[in-house]
Amino acid sequence: MTLPAITARLDAACAAADRSPAEITLIAVSKMQPPDRVQAVLDAGHRAFGENRVQEAQGKWPAWRDAYDGVDLHLIGPLQSNKVRAAVQLFDAIHSVDSLKLATRIADIAGQEGRSPDLFVQIDTGEEAQKAGIPPADADAAIRDIRALDLPVKGLMCIPPADEAPSLHFALLTRIAERNGLTGLSMGMSADFEQAIAFGATHVRVGSAIFGDRVTA
Ligand SMILES: *Cc1c(COP(=O)(O)O)cnc(C)c1O
């Protein structure tokens, strides 16, 4: 568990960017990690965690929510429509809203459940055909339509292509957010969270750098 080292790097990145660490949520991405590692981070007092599959999260987080106060759970992976109810019940934030259709379903179910997670609209900044997210050219219209549903849309999220410099993608996401009046920016992972902070990230999603290599399926 290297949470203190990552927190120190996050603080240093904030200082270099003239930002306050209080502006940034460090999401510890616990997908496919052995429970003892996650528990160690919980015991250290950390509360913001990320999972990329609803089913995996359902198997482990209800018990940890009972055992620890203030758990703040973020869904960062793709959300299928048949999992929306479970996601709305379990997660405090959903970072993977990638269509008006999905947002409409979230709105319907949030109304029924009386509970609405914070939402981030995922933008496919790399315009990769196989990747989730709304293409940059369609972003403004999609963001407008999704916000019209009266959901708590907090910001935007991106996953840069693995083989490209992430900074261009962080800059693009920042621009799209600014022109739409959105302040939340979910960007940056183990390899590039410091750069993401320099570009204005408010939520960084760091897995392996905190927990070590993922081991369980
Ligand atoms: C797994 C995952 C992360 C964390 O990746 P690391 O490289 O382990 O930090 C961040 N964001 C998303 C969307 C992920 O699926």
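Residues numbered from 1 in each chain as written. Predicted model: local features only at pLDDT ≥ 70, side-chain atom pairs only at ≥ 80, totals over all residues. Heavy atoms only, no water.

A. Main features of the overall build of the chain. Along the chain, the regular secondary structure elements total 9 helices and 8 strands. Taken over C-alpha atoms, the radius of gyration comes to 16 Å for the chain, in line with the 17 Å a tight globule of 217 residues would show. Looking at the chain residue by residue over its 217 residues, the buried ones come to 49%. Approximately 9800 Å² of the chain is accessible, and the part contributed by carbon and sulfur atoms is 50%. Taking the average location of the 21 positive side-chain charges in the chain and that of its 28 negative ones, the two points are 4 Å from each other. (Helix = DSSP H or I, 4+ residues; strand = E, 2+ residues; numbered from the N terminus. Rg over C-alpha atoms; globule rule 2.2 N^0.38 Å. Buried < 20%, exposed > 50% of the residue type's maximum accessible area, 1.4 Å probe, protein only. Areas by Shrake-Rupley, 256 points an atom, 1.4 Å probe, with all protein chains shown as cover. Lys, Arg positive; Asp, Glu negative; His and termini not counted. Charge placed at Lys NZ, Arg CZ, Asp CG, Glu CD.)

B. Here's a closer look at the site of the ligand. Close to the ligand lie Val29, Lys31, Ile76, Ile159, Met189, Ser190, Arg205, Val206, Gly207, Ser208 and Arg214, which account for all nearby residues. In the environment of the ligand, a nitrogen atom lies 2.9 Å from a nitrogen or oxygen atom belonging to the side chain of Arg205. Measuring from an oxygen atom of the ligand, one finds a backbone N or O atom of Gly207 at 2.8 Å. Starting from 380 Å² of accessible surface for the ligand in isolation, the protein chains cover 89%. Under a 2 Å grid-point criterion requiring more than half of the atoms, the pocket assigned to the ligand is the largest pocket. (Near = heavy atom within 4 Å. Polar contact = N/O pair within 3.5 Å; in protein donor to acceptor, adjacent residues only side chain to side chain. 1 Å grid on protein atoms, 1.4 Å probe; cavity = no way out; pocket = protein on both sides within 12 Å on 5 of 7 lines; lining within 4 Å. Sits in = over half its atoms within 2 Å of the grid points.)

C. Molecular detail of the packing of helix 6 (residues 136–147) against helix 7 (residues 166–179). Where helix 6 contacts helix 7, the axes come no closer than 10 Å and their chain directions differ by 30°. Taken together, the axes of helix 6 and helix 7 lie roughly parallel to each other. Judged by the sense of rotation from one axis to the other, the crossing of helix 6 with helix 7 is right-handed. Each of Pro136, Ala139, Asp140 and Ile143 in helix 6 lies in contact with helix 7, whose residues at this interface are Leu172, Ile176 and Arg179. Here the contact of helix 6 with helix 7 is built from residues that sort into 5 nonpolar, no polar and 2 charged. (Axes fitted to C-alpha atoms, helices over the stretch in contact; angles between N-to-C directions. Parallel < 35°, antiparallel > 145°, perpendicular 65-115°, else oblique. Left-handed = near helix turned anticlockwise from the far one by under 90°. Contact = heavy atoms within 4.5 Å. Nonpolar A, V, L, I, M, F, W, Y, C, P; charged D, E, K, R; others polar.)

D. Quick look at the layout of surface pockets. Of the pockets and cavities examined, the largest pocket occupies roughly 310 Å³. In terms of lining residues, the largest pocket is bounded by 18 residues, among which Lys31, Ile76, Ile159, Met189 and Arg205 are the most central. By residue class, the composition of the lining of the largest pocket is 9 nonpolar, 6 polar and 3 charged. (Points joined across faces, edges and corners; volume = space filled by probe spheres on them.)

E. Representation of the pattern of salt bridges in the model. For the coordinates displayed, the defined rule picks out 10 salt bridges. Taking the shortest distance from any N to any O, the salt bridge between Arg144 and Asp145 comes out at 3.5 Å. We classify Asp145 as partly exposed; its relative accessible area is 30%. Salt bridges here are not isolated pairs; linked through shared partners, they connect Glu51, Glu56 and Lys60. (Salt bridge = Lys/Arg side-chain N within 4 Å of Asp/Glu carboxyl O.)

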